[in-house]
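Structural features, examined
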Amino acid sequence: MPSLSCANLLELAAAAEADLPAASPRSAAARLPRVMTLPGVLGPDSPTSPAPVTRRIVVAHFLPLRSAPDPASPSGLSFSFDTDALPFQLRSGVPSPVIHVGALPPAAAVAVANVDPSILDELSHLLFSRFSCVPVFIPPDLHSRFYHGFCKHYLWPLLHYLLPLNPSSLGGLPFDRSLYRSFLSANKLYADCITEVLNPDDDLVWIHDYHLLALPTFLRRRFPRVKLGFFLHSPFPSSEIFRTIPIREDLLRALLNADIVGFHTFDYARHFLSSCSRLLGLGYQSKRGYIGIEYYGRTITVKILPVGIDMGQLRSVVASPETAAKVRELMETYKGRTLLLGVDDVDLFKGIGLKFLAMEQLLEEHQELRGRVVLIQIANPARSQGRDVQEVQDEIRSIGKRINERFGRPGYEPVVLIDQPMATYEKVAFYSVAECCVVNAVRDGLNRIPYIYTVCRQESPVFDGMPKKSIIVLSEFIGCSPSLSGAIRVNPWNIDAVAEAINSAVAMPEAEKQLRHEKHYKYVSLHDVTYWARSLDQDLQRACKDHYLRRCWGIGFGMSFRVVALGPNFRKLSVEYIVSAYRKMSSRLILLDYDGTMTPQASIDKTPSNEVISLLNGLCADPKNIVFVVSGRRKDELSKWFAPCEKLGIAAEHGYFTRWSRDSPWESCKLPVNFDWKKIADPVMRLYTEATDGSSIEPKESALVWHHQEADPDFGSCQAKELLDHLESVLANEPVVVKRGQHIVEVNPQGISKGVVVENLISTVLSRKPPDFILCIGDDRSDEDMFESVLSSTNNPSFLSTAEVFACTVGKKPSMARYYLDDSVDVIKMLQGLASASSQRPRLAQFHVSFEDSF
């Protein structure tokens, strides 16, 4: 855990990089307690405090509160919970206590914008004590730039697949770095408020939606082991769209600073994983039903689960007398009509205009429906401001007016547009009486309207004793579509298809409507918001269970900050420490991988540099050393590259060929090997090479290797998996092993691996003179076999108990090795230290060691 001074330094560094003002903490009077004191529970200052309470800190753009004028209150406002807000509804699925962090509702924020700071402090304590809410006070101008500028007019359109090509007509703004700085400033204010109440050792933090995408980085910087979840309620676009964002790496790294990242659908998760692969080079694995991304020693869980509805709250509204009265009123008003219902926010992506055009097409093609079918469109108030919203409003009013003029008559309006605020019970009444719900959005994160509609149709007491039925016409581009398999799915851009779908819904037999309704109601009732919140809470706890078993520290500045998490016995190899041990020993064995270890994996020219050759010769010149390069490369290639190294041993093709020096003959593996399997494997590899642009085959004497490093990352990885399965199938009866490595699929004879050759080398050395120093370095999966053999060799009775063993991987990642070095540059520096120690005269080296030991 960093000290306060360390946290402040990190914060100042981040502020400087992002050009943000440094944090100014609230006054002491405004500071909120980190440990909640509950009725009947001793507080933190009591003589015998209980064990800390694990709290859930739910962070969203706005607090789940409603405000009303109250002249008697110092702030001029009174507050109550907003039971329709998702942050409030999820309380039913998690244990208490729950703390909410967010900005005040818009009306309340305007009302307190210019009040005295002391009143804000008093309001903070009131909201915390009465509602467990921590308000984030964002200055109005900053909130306008943060929300209406960056979030709603840049980030939100992009997440919904709208590129800012023509901002004046489409509503999207081009990237503006000053607006991005406002976005970061606002997120930092949220982090400041969370810091005031967070107990990082025990609390769980849940962050909701794209407005707070940067928040995980701010929190992770201050609290490296914070238990942090993030759920994105909007779509995550394909990598082709996401990569157009100038600060794309910042946003991805911010999400990866959470312990679990949640999405509504697999499509959104898949796009996120693809973006991580293409932009950050990160792969993922699915293990026991969970998708995980390895990121600097941490495993980030990717959760896929759509949000449900609050069944208890909705049932109470449905059963209320006001709702029943409104239902009867609507049934009387629209007696003899078939009601279609749409409930949408007014924005670019809800497809209200397309829905109206489909309604016009329906009435034009099916004259028998004129005078019978009514589309009631409830238009919720827009959540943002701008010309785009006004254009949507003008469009739907114009189309609705045209339809009513063409097909309406006295006592009949085919389109009823309701664009005034409406009480919840009134909306529920409309849901209850509608025969069909039409959700026609061109893109939407989830959209719970069909869920609400299904429950209202089931639970309305007005229809007790009657068969329950409903039908949903649903856009295939919204998040709830995969979960509602009984809906009629449509492409909202295809006006004819939507019109025909509505006609099918109206004409559908009653029995089929009942079956579709039963299927939907069963899913919705089982997967409610309580189920969703409980599942996320349990998975967050599971993802964080090893936090305190790892050593953590932060690297990077600003939005590039991330935490490195390593096991307690996995540490960076100190050059000074290994050189000191090296000097003391008299029989040393040094085993070195080549690609990715002594030369960068991404290097185009793989030929060893003059520096590498010089270092190897320096190590080989010491009579106390036996030095081997253990590589998967061909022996001819390695012989040519390391020809200047007279005393260097080489194990080629994962140990199938071995020689102890340049002038000694190559020894092949003594296992009986038949290479007829190549006639089977080679045509299969060629088939995949022809089908995968950028791939190639590397033939070896003992193996065949298929490379896909230059192929498209996603396609290459997919083809590698298919090739692995294909080869395992056709070679099932052959004495070979098919393995997948870093950008390769390789076929080797059984019994051939780096682990086997290292085991043989150690056995040979033990028979001559037991080594008292072993260094083994590698970077990929095949080198894990080496580490295993080296570490298990210490159990050999001939092994010296005083021997020093250094198994070291290149890069911070899970490994059997006990040490790591960051990259090939660090490897070269370490080898320089060892070579330098070998070149010193014995008496000077002895003096140097004893001088160090004296300290």
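Residues numbered from 1 in each chain as written. Predicted model: local features only at pLDDT ≥ 70, side-chain atom pairs only at ≥ 80, totals over all residues. Heavy atoms only, no water.

**Comments concerning the overall build of the chain**
As a reminder, the rule being used: Segments assigned H or I by DSSP are reported as helices when at least four residues long, segments assigned E as strands when at least two residues long, and all are numbered from the N terminus. Only protein chains enter the calculation, and the probe is 1.4 Å; a residue is then buried if its accessible area is under 20% of its type maximum, exposed if over 50%, and partly exposed in between. The contact definition used throughout considers only heavy atoms, calling two residues in contact when any of these lie within 4.5 Å. Only the protein chains shown count as cover for residues, with accessible areas throughout obtained via the Shrake-Rupley method and a probe of 1.4 Å. His residues and chain termini do not enter the charge count, which takes Lys and Arg as positive and Asp and Glu as negative. Throughout, a charge is located at the NZ atom of Lys, the CZ atom of Arg, the CG atom of Asp or the CD atom of Glu.
A count of helical and extended segments in the chain gives 29 helices and 32 strands. Along the longest, intermediate and shortest principal axes, the C-alpha atoms of the chain span 105 × 70 × 50 Å. Expressed as a percentage of its 855 residues, the buried residues of the chain come to 55%. Considering only contacts in the chain between residues 6 or more positions apart, those separated by 24 or more positions represent 71%. Roughly 36,800 Å² of accessible area belongs to the chain as shown, and the carbon and sulfur atoms make up 53% of that amount. With 92 positive and 97 negative side-chain charges, the chain shows a separation of 3 Å between the mean positions of the two kinds.

**Focus: the sheet that holds strand β27 (residues 704-707)**
The test is simple: Here, strands pair whenever DSSP counts at least two bridges between them. To define axes, lines are fitted to C-alpha atoms, for helices over the stretch in contact only, and angles between the resulting N-to-C directions are given on a 0 to 180 degree scale.
Spatially, β26-β27-β29-β28 is the arrangement adopted by the 4 strands of the open sheet, whose pairing is antiparallel. Unpaired on one side and paired on the other, β26 (696-699) and β28 (736-741) mark the two borders of the sheet. Across this sheet, the average inter-strand angle for adjacent strands is 15°, counted without regard to direction. Note that β26 and β27 share 4 bridges and pair antiparallel.

**A look at the pattern of salt bridges**
We apply this condition: Salt bridge, as used here: a side-chain nitrogen of Lys or Arg that lies within 4 Å of a carboxyl oxygen of Asp or Glu.
On inspection of all chains with the given rule, the structure shows 44 salt bridges. One salt bridge connects D259 with R220, and the closest N-O pair in it is separated by 3.0 Å. Here D259, found in the loop between α10 (248-256) and β8 (260-263), pairs with R220, found in helix α8 (residues 215-222); they are 39 residues apart in sequence, far enough to count as distant. Accessibility expressed as a relative area gives 3% for D259, which makes it buried. Given a relative accessible area of 0%, R220 falls into the buried group. When the shortest N-O distance is used, the salt bridge between R278 and D714 registers 3.2 Å. Of this pair, R278 sits in helix α11 (residues 266-280) while D714 sits in helix α25 (residues 713-730), and the two are 436 residues apart along the sequence. Relative accessible area serves as the criterion here: at 28%, R278 is assigned to the partly exposed category. Judged by its relative accessible area of 29%, D714 is partly exposed.

**Brief notes about the side chain of S753**
Within the secondary structure, S753 is located in the loop between β29 (744-749) and α26 (754-768). The residues touching S753, leaving out its near neighbours within four places in the chain, are H654, K739 and D785.

**Topic: unusual backbone geometry**
Between S96 and P97 the backbone carries a cis peptide bond, its omega angle lying at 0°. Position of P97 among the secondary structure elements: in the loop between α2 (86-89) and β4 (98-103). Phi is positive for R288, which is not a glycine, with a value near 50°. With a phi angle near 55°, Y296 is a residue other than glycine that sits in the positive phi range. Summarising the element assignment, Y296 is placed in the loop between β10 (290-295) and β11 (298-304).

**Examining the sheet that holds strand β12 (residues 338-345)**
Pairing in this open sheet of 6 strands is parallel, and the strands run β14-β13-β12-β15-β16-β17 from one edge to the other. The open sheet terminates on both sides in strands that have one partner only, identified here as β14 (415-418) and β17 (488-490). Pairs of neighbouring strands in the sheet enclose a mean axial angle of 20°, with direction left out of account.

**Focus on the packing of helix α14 (residues 352-365) against helix α15 (residues 387-407)**
Packed helix pairs are characterised by how far apart their axes lie and by the angle those axes make with each other. Basically, it comes down to this: Roughly parallel refers to an angle under 35 degrees, roughly antiparallel to one over 145, roughly perpendicular to one between 65 and 115, and oblique to any angle outside these ranges. Put simply, a crossing is left-handed when the front helix is turned counterclockwise from the back one by less than a right angle, and right-handed when it is turned clockwise. Each residue gets one label: Ala, Val, Leu, Ile, Met, Phe, Trp, Tyr, Cys and Pro are nonpolar, Asp, Glu, Lys and Arg are charged, and the others, such as Gly, are polar.
Between α14 and α15, whose axes approach to 9 Å, the crossing angle comes to 10°. By the angle class used here, α14 and α15 are roughly parallel. Viewed along their axes, α14 and α15 form a crossing whose handedness is left-handed. Residues I352, G353, F356, L357, E360, L363 and E364 of α14 form the contact with α15, whose own contacting residues are E395, I396, I399, G400, R402, I403, R406 and F407. Residues that form the contact of α14 with α15 fall into these classes: 8 nonpolar, 2 polar and 5 charged.

**Some points on the side chain of D388**
What counts is decided by this rule: Think of a polar contact as two N or O atoms within 3.5 Å of one another; within protein, one of them needs to be a possible hydrogen donor and the other a possible acceptor, and neighboring residues in sequence only count if both atoms come from side chains.
Mapped onto the elements, D388 comes out in helix α15. The side chain of D388 is buried and forms no salt bridge, while K152, the nearest opposite charge, is found at 8.2 Å. Reaching out from D388, the side chain makes a polar contact with the side chain of H153 at a distance of 3.4 Å.

**Some thoughts on α8**
Across the 8 residues that make up α8, a large majority, 8, are buried. Those residues of α8 that sit buried are L215, P216, T217, F218, L219, R220, R221 and R222.

**A closer look at the nonpolar core**
The following threshold applies: We define the nonpolar core as a collection of buried residues of types Ala, Val, Leu, Ile, Met, Phe, Trp, Tyr and Cys that are connected through side-chain atoms lying within 4.5 Å of one another.
Membership of the largest hydrophobic core comes to 164 residues, with the highest contact counts inside it found for V59, F272, I376 and W532. Excluding anything up to four places from it in sequence, W532 contacts L86, L90, H208, F231, H233, L305, P306, V307 and G308. Judged by nonpolar contacts, the second largest core, of 43 residues, contains A581, L592, C620 and I828.

**Topic: the confidence of the model for the chain**
Spelled out, the test is: You can read pLDDT as the predictor saying how much it trusts each residue, on a scale of 0 to 100.
This prediction gives the chain a mean pLDDT of 88; 91% of its residues lie at or above 70. Note that pLDDT drops below 50 for residues 1-19; the model gives that stretch 25 contacts with residues more than four away or on any other chain. Note that residues 35-48 has pLDDT below 50 and, in this model, 14 contacts with residues that lie over four places away or in other chains.

**So, the packing of aromatic side chains**
Stated formally: Ring geometry is summarised as follows: Phe, Tyr and Trp rings, the Trp one being its six-membered ring, pair when their centres sit within 6.5 Å, and such pairs are stacked at plane angles under 30 degrees, edge-to-face over 60 and tilted between the two.
What the rule picks out here adds up to 30 aromatic pairs. Ring centres of Y577 and F806 lie 5.9 Å apart, and the angle between their planes is 70°; on these two criteria the pair is classed as edge-to-face. You can see Y577 sitting in helix α21 (residues 575-584) and its partner F806 sitting in strand β31 (residues 804-810), a full 229 residues away along the chain. The class of Y577 is partly exposed, set by a relative accessible area of 39%.

**What to know about the environment of Y284**
Relative to the helices and strands, Y284 resides in strand β9 (residues 284-287). In this structure the C-alpha to C-alpha distance between Y284 and V302, which are 18 residues apart in sequence, comes to 9.6 Å.

**Focus on the pairing of β4**
Among the 6 residues that make up β4, 6 are buried, leaving the element largely enclosed by the rest of the structure. Here 5 bridges tie strand β1 (residues 56-62) to β4, and the two strands are oriented parallel to one another. By the bridge assignment, R56 is partnered in β4 with V98. Looking at chain direction, β4 and strand β5 (residues 133-136) are connected through 4 bridges and run parallel. Paired with G102 across the two strands is P135, which belongs to β5.

**Describing the pairing of strand β21 (residues 588-592)**
Quick note on the threshold: Viewed with both strands pointing away, a crossover whose connecting path from the first strand over the helix to the second turns clockwise is right-handed.
Burial of β21 is extensive: 5 of the 5 residues sit out of reach of the surface. Burial along β21 is two-sided: the face carrying R588, I590 and L592 and the face carrying L589 and L591 are both buried. Pairing analysis gives 5 bridges linking β21 to strand β22 (residues 625-630), with the strands arranged parallel. Across the sheet, L591 pairs through a bridge with F628, a residue of β22. Viewed along the sheet, the connection from β21 through helix α22 (residues 610-620) into β22 turns out right-handed. For β21 and strand β30 (residues 773-778), the ladder comprises 5 bridges, and the chain directions are parallel. Each bridged residue has a counterpart across the sheet, and for L592 the counterpart in β30 is I777.

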